[in-house]
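# Secondary and tertiary structure notes
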Amino acid sequence: MKLVESSLKPLSTSMFNVEHIRTDFPILKLKIDGKPLVYLDNAASSQMPQPVIDRMVKYQTMQHANINRAVHYLSETATTEYEESRRRLKRFINASEDREVIFTSGTTDAINLVAHGYGRKFIGSGDEIILTTLEHHSNIVPWQMLAEENGAKIRVVPINDTGELLIEKYKQLFNKHTKFVGVTHVSNALGTVNPIKQMIEFAHARGVPVLVDGAQAAPHMKIDVQDLDCDFYTFSGHKLCGPTGIGILYGKAALLERMQPFKGGGDMIASVTFEKTTYNTIPHKFEAGTPPIAAAIGFSAAIDYLSAINMSMIAAYERDLINYATEQMRHMPGIRIIGDATEKVAVLSFAIDGVHPHDIGTLLNQEGIAVRTGHHCAQPVMQHFKVPATTRASFAFYNSMNEVDALISGIQKVQKIFS
Amino acid sequence: MNTKSLYQEVILDHNRNPRNYGSLDNANRSAEGHNPLCGDHLNIKLNLSRGYISDIVFQGESCAICKASASMMTANVKGKTQADAETLIQEFREMAIGKLEPDGNHHLGRLTVFSGIRDLPTRVKCAILPWHTLHAALNSVATISTEDDDDPMHVSIGNA
Ligand SMILES: Cc1ncc(COP(=O)(O)O)c(C=O)c1O
């Protein structure tokens, strides 16, 4: 599939049958206040297609028992399906081994795992952790908690006014105290795609491991952790058409093995006496207690669904969507697009002159249009652009060009009401 | 849902041309109100003499609902006794959370243009913040936040 560069309803759009895809998503048939739902809050959470719902129903009706515990049929089936899900996720991100994929409750949980399991063991007083202005709070707060506890320092990569990281500044932040880098692959507030491969290479040349928060990247592009050579990569199922309560942490086996466990309990141990506990091998060392089995299976069904459509097709189609939306918004008077990076995914943050984002959100909702208004859990980004909040339309491959048009006319209505 | 009737001309007008907007030199009561969830904040200054609110102003950055609510509030409580203002605060709050019927028995008058807010739980705090801040000023509390645990109204508003 060739990427088409021109912006207005180009060729790739017609090759990608969005109307057909939409029929897989029962929720898209909803009416809000009599208006068809226009769901543009995909960066917060995406919707679930019927095959994923069906897969979870099948598990729950025919395959459920606890895993890794009993010899009976259902327990074995559930264990097999759970481990098969891990294998599919491994393939989805091209990890080299199954045991490098740890199921977590989501991205937040995964980052906390690394801050605890790696951070508490290998980062100490006076050591420095590099983060960026574009981070979601979930890739800030766990590190701040660590720093507060052990006296480590946090250094922050600044951004420019298009919402791109200043890579020269990033490079200058490194010194002999630098022990860790945490960077988001894609900014949730602005859609900026960061040059993480280059950033990882630079950090590795200085012996510094890198965690990539992929929560906003994995839904939109093919991820290859071996090609990126990242040390940790994480994302959440609910942003990839899967269920909530599940995500993965990818980590290089050598690192995961050296880390301390995060949570203690069943399944994460090899043996327990009151004198001493020996921990299980990875990935089980990091999966204490009964995991969300149905969610893990739903998650893998979701990535199967996305893979069947093809991640490159999704990326190409979404590029058409964002180009079309941006092109229209750019020419509207009184609209300011916030975040205009050269490389970005289908996220459009904007401001309307003289109208508070919350009023925009409420009025668009009246048109059936779901957008997010607020600081998007990325207050440092808001501070850079000197706004308390923005309105964010975030697209998925099941959004249509007609929905972009609905957004545009919704915005015009808001402007008219406030004129 | 009743959003259409919420963004009606009265509210849009008070948002565009807020009444009693600005500063007050001889204020003897004031309070700051914040909604950390959306960054909205406003400041209320008033003069309370012999039990009457003789003058009141507000200033701040907020959404249209909050600003119009503040504007109409100041217009309504100016010249009233503290006790009457407290009654309005109570009634407005109850209307916003759906506990008071706009066409029932109350003293809110045109403030019932805000009654549609009860169908928008995420916006209730926007409408209540000014009232909330007025309550704090009258009771000599310097700052309040919609998210404080000891906020006098937070408990009953819950997570609205
Ligand atoms: C960039 C980024 N990181 C982390 C998260 C947190 O994900 P979760 O809430 O699924 O743990 C989000 C979700 O909004 C996000 O956008």
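These figures come from a predicted structure and were not determined experimentally. (Residues numbered from 1 in each chain as written. Chains lettered and ligands numbered in written order. Predicted model: local features only at pLDDT ≥ 70, side-chain atom pairs only at ≥ 80, totals over all residues. Heavy atoms only, no water.)

Bringing the overall build of chain B into the picture now. When helices and strands are tallied, chain B shows six helices and four strands. N-terminal to C-terminal, the α/β element order of chain B is α-α-β-β-β-α-α-α-β-α. A buried classification covers 51% of the 160 residues belonging to chain B. When the accessible area of chain B is evaluated, it comes to approximately 6900 Å², of which 45% is carbon and sulfur surface. (Helix = DSSP H or I, 4+ residues; strand = E, 2+ residues; numbered from the N terminus. Buried < 20%, exposed > 50% of the residue type's maximum accessible area, 1.4 Å probe, protein only. Areas by Shrake-Rupley, 256 points an atom, 1.4 Å probe, with all protein chains shown as cover.)

What follows covers the interface of chain A and chain B. Each side of the interface is counted separately: chain A has 13 residues, and chain B has 17 residues. Contact with chain B buries area across many residues of chain A, yet A:His358, A:Thr362 and A:Gln366 alone supply 32% of it, more than any other trio. The interface formed by chain A and chain B includes one salt bridge. Where B:Arg123 meets A:Asp359, a salt bridge forms, and the shortest distance between an N and an O atom there is 2.9 Å. Our count for the chain A to chain B interface comes out at seven residue pairs in polar contact (both at pLDDT 80 or more). (Contact = heavy atoms within 4.5 Å. Buried area = accessible area lost by both parts, 1.4 Å probe. Salt bridge = Lys/Arg side-chain N within 4 Å of Asp/Glu carboxyl O. Polar contact = N/O pair within 3.5 Å; in protein donor to acceptor, adjacent residues only side chain to side chain.)

With an omega dihedral of 5°, the bond running from A:Ile282 to A:Pro283 counts as a cis peptide bond. Positionally, A:Pro283 belongs in the loop between strand E12 (277-279) and helix H11 (293-309). Located in the positive-phi region is A:Asn310, a residue other than glycine, with phi close to 100°. Here B:Asn20, not a glycine, exhibits a phi torsion of approximately 55°, which is positive.

Moving on to the site of the ligand. Residues and elements named next belong to chain A. Around the ligand, the structure places Thr107, Thr108, His136, Ser138, Thr184, Asn188, Asp213, Ala215, Gln216, Ser236, His238 and Lys239. With respect to the ligand, the side chain of Lys239 contributes an N or O atom lying 2.6 Å from an oxygen atom. Class assignment for the residues of the shell around the ligand results in one nonpolar, nine polar and two charged. (Near = heavy atom within 4 Å. Nonpolar A, V, L, I, M, F, W, Y, C, P; charged D, E, K, R; others polar.)

Turning next to the packing of helix H3 (residues 64-77) of chain B against helix H5 (residues 124-138) of chain B. Residues and elements named next belong to chain B. At their nearest, the axes of H3 and H5 sit 7 Å apart, and the two run at 40° to each other. If you check the angle between H3 and H5, you find them oblique. Along this stretch, H3 crosses H5, giving a crossing that reads as right-handed. Between H3 and H5, the contacting residues are Ile65, Cys66, Ser69, Ala70, Met73 and Val77 on the first element and Cys126, Ala127, Leu129, Pro130, Trp131 and Leu134 on the second. (Axes fitted to C-alpha atoms, helices over the stretch in contact; angles between N-to-C directions. Parallel < 35°, antiparallel > 145°, perpendicular 65-115°, else oblique. Left-handed = near helix turned anticlockwise from the far one by under 90°.)

All names here are of chain A. According to the domain assignment, chain A consists of domain 1 (13-48 + 310-417) and domain 2 (52-308). Taking only C-alpha atoms, the centre of domain 1 and the centre of domain 2 are 28 Å apart. With both chains or domains summed, domain 1 and domain 2 bury close to 3000 Å², and 60% of this area falls on carbon and sulfur atoms. Here domain 1 and domain 2 share zero salt bridges between them. Applying the counting rule to domain 1 against domain 2 returns 25 residue pairs in polar contact (both at pLDDT 80 or more). (Domains from an automatic or database assignment.)

A few words on the pattern of salt bridges. If the charged atoms of two oppositely charged side chains come close together, the side chains can form a pair. Residues and elements named next belong to chain A. Counted by the stated rule, this structure contains 28 salt bridges over all chains. Linking Asp109 and Lys263 is a salt bridge whose minimum nitrogen-to-oxygen distance equals 3.1 Å. Residue Asp109 is found in helix H5 (residues 107-122), and its partner Lys263 is found in the loop between helix H10 (253-258) and strand E11 (269-272); the two are separated by 154 residues along the sequence. Given a relative accessible area of 14%, Asp109 falls into the buried group. With relative accessibility at 41%, the residue Lys263 sits in the partly exposed group.

Time to look at the packing of aromatic side chains. Residue and element names in this part refer to chain A. Applying the stated criterion across every chain, the model contains 22 aromatic pairs over all chains. Consider the rings of Phe25 and Tyr398, whose centres lie 4.5 Å apart with planes at 45°: the pair is tilted. Placement of Phe25 in the loop between helix H2 (18-22) and strand E1 (31-32) and of Tyr398 in the loop between strand E17 (390-394) and helix H15 (401-417) is noted, with a sequence separation of 373 residues between them. Taken together, a centroid distance of 5.0 Å and an interplanar angle of 40° make the contact between Tyr82 and Phe103 tilted. Within this pair, whereas Tyr82 is found in helix H4 (residues 73-92), its partner Phe103 is found in strand E4 (residues 101-104), the two being separated by 21 residues in sequence. When its relative accessible area of 1% is taken as the criterion, Tyr82 is described as buried. (Phe/Tyr/Trp six-rings, centres within 6.5 Å; stacked < 30°, edge-to-face > 60°.)

With 158 residues, the main nonpolar core has A:Ile93, A:Tyr233, A:Phe235, A:Phe395, A:Phe397 and B:Phe114 as its most contacted residues. With 12 residues, H11(A) is the largest single contributor of residues to this core. Shared between two domains, this core takes at least three residues from each, and those domains are domain 1 (13-48 + 310-417) and domain 2 (52-308) of chain A. The contacts of A:Tyr233, once residues within four sequence positions are left out, are A:His185, A:Val212, A:Gly214, A:Ala217, A:Ala218, A:Ile223, A:Val225, A:Leu228, A:Ile248, A:Leu249 and A:Tyr250. (Core = buried A, V, L, I, M, F, W, Y, C linked by side-chain atoms within 4.5 Å.)

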